[in-house]
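One-letter residues, chain by chain:
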Amino acid sequence: MIWILNLVLLLFLVVCAIEVLRTKDLLSAVIIFEAYSLVMSIIWQQLAAPDTAITEAAVGAGLTTMLFIAAISKTYRWEEE
């Protein structure tokens, strides 16, 4: 039963990675990247590595996402009309 969850999580990781590459909007890419990091922390927990899972959740999903959003907020869009 647990292998079904692991398979779904791995499939979600692949879909997130492809969508980050395909998206044009930077904020959307950051949000997808955050979801990727959260799922990755769940996978680390499933692999019996709780210290790595906590680090991934704190740094990958938390700190990095906030830094990316802060960097995006300092920039502005160039749109062609």
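Preceding this paragraph is the structure being described.
How each quantity is defined
- Residues numbered from 1 in each chain as written.
- Predicted model: local features only at pLDDT ≥ 70, side-chain atom pairs only at ≥ 80, totals over all residues.
- Heavy atoms only, no water.
- Helix = DSSP H or I, 4+ residues; strand = E, 2+ residues; numbered from the N terminus.
- Rg over C-alpha atoms; globule rule 2.2 N^0.38 Å.
- Buried < 20%, exposed > 50% of the residue type's maximum accessible area, 1.4 Å probe, protein only.
- Contact = heavy atoms within 4.5 Å.
- Areas by Shrake-Rupley, 256 points an atom, 1.4 Å probe, with all protein chains shown as cover.
- Lys, Arg positive; Asp, Glu negative; His and termini not counted.
- Charge placed at Lys NZ, Arg CZ, Asp CG, Glu CD.
- Core = buried A, V, L, I, M, F, W, Y, C linked by side-chain atoms within 4.5 Å.
- Phe/Tyr/Trp six-rings, centres within 6.5 Å; stacked < 30°, edge-to-face > 60°.

1. Quick notes on the overall build of the protein chain
So, step 1. Summing up its helical and strand segments, the protein chain has three helices and zero strands in all.
So, step 2. Along the protein chain, helices and strands appear, N-terminal first, in the series α-α-α.
So, step 3. At 15 Å, the protein chain has a C-alpha radius of gyration far larger than the 12 Å of a compact globule built from 81 residues.
So, step 4. Its C-alpha atoms put the protein chain at 55 × 25 × 10 Å along the principal axes.
So, step 5. With 81 residues in all, the protein chain has 20% of them scored as buried.
So, step 6. Here the analysis covers contacts within the protein chain between residues at least 6 apart in sequence; of these, 54% occur between residues at least 24 apart.
So, step 7. Accessible surface, the protein chain: about 6,400 Å² in total, of which carbon and sulfur atoms supply 72%.
So, step 8. Between the mean site of the 4 positive side-chain charges and the mean site of the 8 negative ones, the protein chain shows a separation of 5 Å.

2. Some thoughts on the nonpolar core
So, step 1. Ranked by size, the top nonpolar core spans five residues in total: Leu9, Leu13, Val39, Met40 and Ile43.
So, step 2. Of all the secondary-structure elements, those providing two or more residues to this core are α1 (2-22) and α2 (26-46).

3. Examining the packing of aromatic side chains
So, step 1. All told, the structure shown has one aromatic pair when counted by the stated rule.
So, step 2. Seen in terms of ring centroids, Phe33 and Phe68 are 6.0 Å apart; in terms of plane orientation they differ by 55 degrees. Their pairing is tilted. Of this pair, Phe33 sits in helix α2 while Phe68 is found in helix α3 (residues 50-73), placing the two residues 35 residues apart along the sequence.
So, step 3. Classification of Phe33 as partly exposed rests on a relative accessible area of 30%.
So, step 4. Looking at Phe68, the relative accessible area reads 39%, which means it is partly exposed.

Shape descriptors only; they carry no functional weight alone.
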